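# Fold and contact review
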Amino acid sequence: MYFLFQGHLMVSKNRPEEGDKSIKEVFPGEFFGEIALISGRARAMSVQVLSPSAKVGVLNKGVFEKLEKTSPQFLLLLLKNTFEKLNRAEMKLESLYAEIHKKEEESKTAAGPITENQAVIPENAEVIDSGTFHETPAEATGNKE
């Protein structure tokens, strides 16, 4: 787990289709890496130093385990901060979902209703009258797949 005391950092994620994508900036007083420290799993994020004056503190697993036993205040602060991060991520996801849903609705509206000329009619369909059709079984038409 890392604490930024001074300077400015950028957290990014490498996406195959886009390359490095900036996720967030880190400013003095903030920390990161706590989820990987607690879960024991590596995260797929990169952190770049943006200012030459950056000073970062490291909290390794051993020190973290000692703090777990001796400082409930530290754990409470960490828990609160982690929930805030999760809430912000959830709000971003909701916003992205709403944006995607809005674009889908706009594209449906822009396409308009399907007209008779746009309808996809199966090859084995038999026209009954000018407005309706029904599918004829493949055996009846001689099509065997």
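First, a word on what this report is: a plain description of the structure on this page. (Residues numbered from 1 in each chain as written. Predicted model: local features only at pLDDT ≥ 70, side-chain atom pairs only at ≥ 80, totals over all residues. Heavy atoms only, no water.)

### With respect to the sheet that holds strand β1 (residues 2–6)
Here is the rule we go by: Any two strands with at least two DSSP-identified bridges between them are counted as paired. Counting from the N terminus, the helices are the DSSP runs of H or I reaching at least four residues and the strands are the DSSP runs of E reaching at least two.
As summarised here, the arrangement of the 3 strands in space is β4-β1-β6, forming an open sheet in which the pairing is antiparallel. Each of the sheet's edge strands pairs with one partner strand only, and the pair in question is β4 (31–32) and β6 (55–58). Across 2 bridges, β1 lies against β4 in antiparallel orientation. Across the sheet, the residue bridging to Phe3 is Phe31, located in β4.

### Details of the packing of aromatic side chains
Heads up, the rule is: In this analysis, rings of Phe, Tyr and Trp, with Trp reduced to its six-membered ring, are considered paired at centre separations within 6.5 Å, and the interplanar angle assigns stacked below 30 degrees, edge-to-face beyond 60, and tilted for intermediate values.
Taken as a whole, this structure holds 3 aromatic pairs when the rule is applied. Taking 5.3 Å as the distance between ring centres and 20 degrees as the angle between the ring planes, the aromatic pair formed by Tyr2 and Phe32 counts as stacked. Linking Tyr2 in strand β1 with Phe32 in strand β4, this pair joins segments that are 30 residues apart in sequence. Relative to Phe74, the ring of Phe64 has its centre 6.1 Å away and its plane inclined at 75 degrees; by these criteria the two rings are edge-to-face. Of this pair, Phe64 sits in helix α2 (residues 61–70) while Phe74 sits in helix α3 (residues 72–111); the two residues are 10 residues apart in sequence, bridging distant segments of the chain.

### Quick look at the nonpolar core
Counted only if it meets this: Buried Ala, Val, Leu, Ile, Met, Phe, Trp, Tyr and Cys residues that are joined via side-chain atoms within 4.5 Å together make up what is termed a nonpolar core. Here the term buried applies to any residue with accessible area under 20% of the maximum for its type, exposed to any over 50%, and partly exposed to those in between, with areas from a 1.4 Å probe on protein chains only.
Counting residues in each nonpolar core, the largest one holds 7 residues, listed as Met1, Phe31, Leu37, Leu59, Phe64, Phe74 and Leu78. One finds Leu4, Val11, Val26 and Phe32 within the second-largest nonpolar core, a separate group that totals 5 residues.

### With respect to a nonpolar patch on the surface
Test applied: Nonpolar side chains (Val, Leu, Ile, Met, Phe, Trp, Tyr) within 5 Å and like charges within 9 Å form the patches, drawn only from residues with over 30% relative accessible area and no salt bridge. All accessible-area figures derive from a Shrake-Rupley calculation using a 1.4 Å probe, and residue coverage is judged against the displayed protein chains alone. By definition, a salt bridge exists where a carboxyl oxygen of Asp or Glu is found within 4 Å of a side-chain nitrogen of Lys or Arg.
A cluster of nonpolar side chains, Leu76, Leu79, Phe83 and Leu86, forms an exposed patch at the surface whose accessible area comes to about 380 Å². For Phe83, the position within the fold is in helix α3. With a relative accessible area of 46%, Phe83 lands in the partly exposed category.

### Digging into the pattern of salt bridges
Any two side chains of opposite charge can pair if their charged atoms end up close together. Per the counting criterion, the structure on display carries 3 salt bridges. Among the ionic pairs, Lys108 bridges to Glu105, the shortest N-O distance being 3.9 Å. With Lys108 and Glu105 both in helix α3 and 3 residues apart, the pair spans about one turn of that helix.

### What to know about the environment of Lys13
Selection rule: Residue contacts follow a heavy-atom distance rule, with two residues in contact if any of their heavy atoms lie within 4.5 Å.
If you trace the backbone, Lys13 turns up in strand β2 (residues 9–15). Taking relative accessible area as the criterion, Lys13 reaches 25% and is therefore assigned partly exposed. When neighbours within four sequence positions are excluded, Lys13 is seen to be in contact with Gly19, Asp20, Lys21, Ile23, Ala44 and Met45.

### A few points about the sheet that holds strand β5 (residues 46–49)
Short version of the rule: Each axis is a line fitted through C-alpha atoms, taken for helices only over the stretch in contact, and angles between the N-to-C directions span 0 to 180 degrees.
Spatially, the 3 strands line up as an open sheet ordered β3-β2-β5, and their pairing is antiparallel. Only two strands of the sheet have a single neighbouring strand rather than two, namely β3 (19–26) and β5. Within the sheet, the average angular offset between the axes of one strand and its neighbour, ignoring direction, is 35 degrees. As judged from the 4 bridges shared by β2 and β5, these two strands associate in the antiparallel manner. Along β5, the bridge assignment pairs Ser12 with Ser46.

Interpretation in functional terms is not warranted from these geometric data alone.
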